[in-house]
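Spelled out from the first residue to the last, the chains are:
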Amino acid sequence: MTTRIIGTGRCLPEHIVTNDDLAKIMDTSDEWIASRTGIRKRHIAKEETTASMSAEAAKRALKQAGLSPEEIDLIIVGTITGDYVTPSTACEVQQIIGAENAVAFDINAACSGFMFALNTAHAYFQSGIYQNALIIGAETLSKIMDWGDRSTSVLFGDGAGAAVVTKGDAGLLNFTQGSDGAKGMVLACKNRSNNNPLISTSKEMKYTYMDGQEVYKFAVSKVPESIKKVLAEAHLEPEDIKYYILHQANIRIIQSVAKRLKVSEEKFPISLDHCGNISAGSVPILLDEVNEKGMLEKGDKIVMAGFGAGLTWSACVMEW
Ligand code: COA
């Protein structure tokens, strides 16, 4: 008995911001952004919130799964940009969709958030706890960007992706996950300063800071390493995999992973060109795009992998 995905969904904000739009408000260009990252546009939330996008993605995933909200007993949202410190985004989703029988909580694992949510649901299922879970990766990263920093603000976008998972004979074959808190400050966001009048406050870094080159080095070594590990343990070769659904940070990272695994880049579907990096949202949004296009058939094997702030990483191999 393992964990199977039976429905996927996504929700992106209506407002689209192109690289040319960004060039009007900062010293950048479509040429620089596209050639360094592969990103051409991204969706930026105006009215939408992390919870509203999550709930919409969840409704679509539930419809595809053929389950009612009442049949969901676990909701996990991977996010670093919940609308509130508390309640959690998962509790908001529970309320919006009417999943009154679910237990709901968020996971803060940045770009690995959806993967950690999947692995957590799987662990509950394996323990005999819970039957049907809604796992979501969702972000409104535009609200934590330093829009005066062209090296980070051009990379990210907003959106949510969801999947309904249940116990099944086929599905998750193997997963790995890890963290390296010692390197946490290479990609960080201290988004509140202490307003306690009893202590003297220090200047806080309130928006996202990233050492791009350090993150790049981490990604191009850890992602292929973790994918090789899950495949070897599952007695599979890289060519056995139909698609690699990777976190969408940078096309050059994806090309490097393909090269290190010695597989064609055609096995790596892309959404970063039209979505940018949506942190926890990237993997489930891309999975839904691939699923919607009918690219997956029963029995296909796929790899999903997330990596990012924490630092955190996770990879899994799944039979569709
Ligand atoms: N537009 C134009 N120029 C820009 C720019 C922008 N948006 N952002 C940075 N630059 C400039 C820099 O100021 C620098 O100029 P200088 O040489 O005059 O000082 C030059 O471009 C090179 O900057 P650098 O930071 O060295 O670029 P890079 O080749 O390392 O590319 C990233 C930057 C962010 C694209 C790259 O490091 C990267 O992709 N890192 C991984 C980030 C990531 O994936 N994070 C998410 C993980 S979840």
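Residues numbered from 1 in each chain as written. Predicted model: local features only at pLDDT ≥ 70, side-chain atom pairs only at ≥ 80, totals over all residues. Heavy atoms only, no water.

## A look at the site of the ligand
Stage number 1. Taken together, the neighbourhood of the ligand is formed by 23 residues, with Thr28, Arg36, Arg150, Gln213 and Asn250 sitting nearest.
Stage number 2. For the ligand, a nitrogen atom lies 2.7 Å from a polar atom in the side chain of threonine 28.
Stage number 3. At a separation of 2.7 Å, an oxygen atom of the ligand approaches a polar side-chain atom of arginine 36.
Stage number 4. In isolation the ligand exposes 970 Å². Once the protein is present, 72% of that is buried.
Stage number 5. For the shell around the ligand, the elements supplying multiple residues, two or more each, are α2 (30-37), α6 (150-153), α7 (212-233), α8 (251-261) and β12 (301-308).
Stage number 6. The greatest single-element share of the shell around the ligand, amounting to four residues, is contributed by α7.
Stage number 7. In terms of residue class, the shell around the ligand is built from ten nonpolar, nine polar and four charged.
Stage number 8. Mapped onto the domain boundaries, the shell around the ligand takes at least three residues apiece from domain 1 (2-171) and domain 2 (174-319). (Near = heavy atom within 4 Å. Polar contact = N/O pair within 3.5 Å; in protein donor to acceptor, adjacent residues only side chain to side chain. Areas by Shrake-Rupley, 256 points an atom, 1.4 Å probe, with all protein chains shown as cover. Helix = DSSP H or I, 4+ residues; strand = E, 2+ residues; numbered from the N terminus. Nonpolar A, V, L, I, M, F, W, Y, C, P; charged D, E, K, R; others polar. Domains from an automatic or database assignment.)

## Details of the side chain of threonine 176
Stage number 1. The topology assignment puts threonine 176 in strand β8 (residues 172-179).
Stage number 2. Its relative accessible area of 9% is what places threonine 176 among the buried residues.
Stage number 3. The contact partners of threonine 176, leaving out residues within four places of it in the chain, are Asn119, Ser226, Lys229, Val230, Trp313, Ser314 and Ala315. (Buried < 20%, exposed > 50% of the residue type's maximum accessible area, 1.4 Å probe, protein only. Contact = heavy atoms within 4.5 Å.)

## A closer look at the domain arrangement of the chain
Stage number 1. According to the domain assignment, the chain contains domain 1 (2-171) and domain 2 (174-319).
Stage number 2. Between the C-alpha centres of domain 1 and domain 2 there is a distance of 14 Å.
Stage number 3. Facing the 50 residues of domain 1 at the interface are 48 residues of domain 2.
Stage number 4. Of the roughly 3800 Å² buried at the junction of domain 1 and domain 2 (both faces included), carbon and sulfur atoms supply 62%.
Stage number 5. Three residues stand out in domain 1 for area buried against domain 2, namely Arg10, Cys111 and Met115, and they jointly supply 18% of the buried area on that side.
Stage number 6. Where domain 1 packs against domain 2, one counts two salt bridges.
Stage number 7. Here domain 1 and domain 2 share 24 residue pairs in polar contact (both at pLDDT 80 or more) between them.
Stage number 8. Counting only elements with at least two residues in the side of domain 1 that touches domain 2, the list comes to β1 (2-11), α2, β3 (41-43), α5 (113-126), β6 (132-140), α6 and β7 (158-168).
Stage number 9. Here the side of domain 1 that touches domain 2 takes seven residues from α5, the largest share from any one element.
Stage number 10. Residue composition of the side of domain 1 that touches domain 2, by class: 21 nonpolar, 20 polar and nine charged. (Buried area = accessible area lost by both parts, 1.4 Å probe. Salt bridge = Lys/Arg side-chain N within 4 Å of Asp/Glu carboxyl O.)

## Side note on the nonpolar core
Stage number 1. Ile227, Leu231, Tyr244, Leu246, Val257, Phe268 and Phe307 are the most contacted members of the largest nonpolar core, which has 46 residues in total.
Stage number 2. When sequence neighbours within four positions are dropped, the list of residues in contact with leucine 246 reads Val223, Ile227, Ile254, Val257, Phe268, Val283, Leu286 and Ala305.
Stage number 3. Among the nonpolar cores identified, the runner-up in size contains 29 residues, and Ala109, Phe116, Leu286 and Met318 belong to it. (Core = buried A, V, L, I, M, F, W, Y, C linked by side-chain atoms within 4.5 Å.)

## Comments concerning the sheet that holds β8
Stage number 1. With mixed pairing, the four strands of this open sheet are ordered in space as β8-β13-β12-β11. Every other strand in the sheet has two partners, leaving β8 and β11 (243-246) as the edge strands with one partner each. The mean inter-strand angle of the sheet, taken between neighbouring strand axes irrespective of direction, is 10 degrees.
Stage number 2. Across seven bridges, the pairing between β8 and strand β13 (residues 312-319) is antiparallel. The residue bridging threonine 176 from the neighbouring strand is alanine 315, located in β13.
Stage number 3. α7 contacts β8, β11, β12 and β13 of the sheet and is inclined by roughly 35 degrees relative to β13.
Stage number 4. Running over the sheet, helix α10 (residues 282-292) touches β11 and β12 and is turned about 145 degrees from β11. (Pairing = 2+ DSSP bridges. Axes fitted to C-alpha atoms, helices over the stretch in contact; angles between N-to-C directions.)

## Structural notes on the side chain of histidine 43
Stage number 1. Inspection of the secondary structure assignment puts histidine 43 in strand β3.
Stage number 2. Taking relative accessible area as the criterion, histidine 43 reaches 12% and is therefore assigned buried.
Stage number 3. A polar atom in the side chain of histidine 43 sits 2.6 Å from the backbone oxygen of proline 13.
Stage number 4. Discounting chain neighbours no more than four positions away, the residues touching histidine 43 are Leu12, Pro13, His15, Ile16, Gly157, Asp158 and His274.

## A word on the pairing of β7
Stage number 1. A large share of β7 lies buried, amounting to ten of its eleven residues.
Stage number 2. Inspection of the sheet shows β1 paired to β7 by nine bridges, in the antiparallel sense. Residue pairing in the sheet places arginine 10 in a bridge with glycine 161 of β7.
Stage number 3. Across nine bridges, the pairing between β6 and β7 is antiparallel. The partner of asparagine 132 across the bridge, within β7, is threonine 166.

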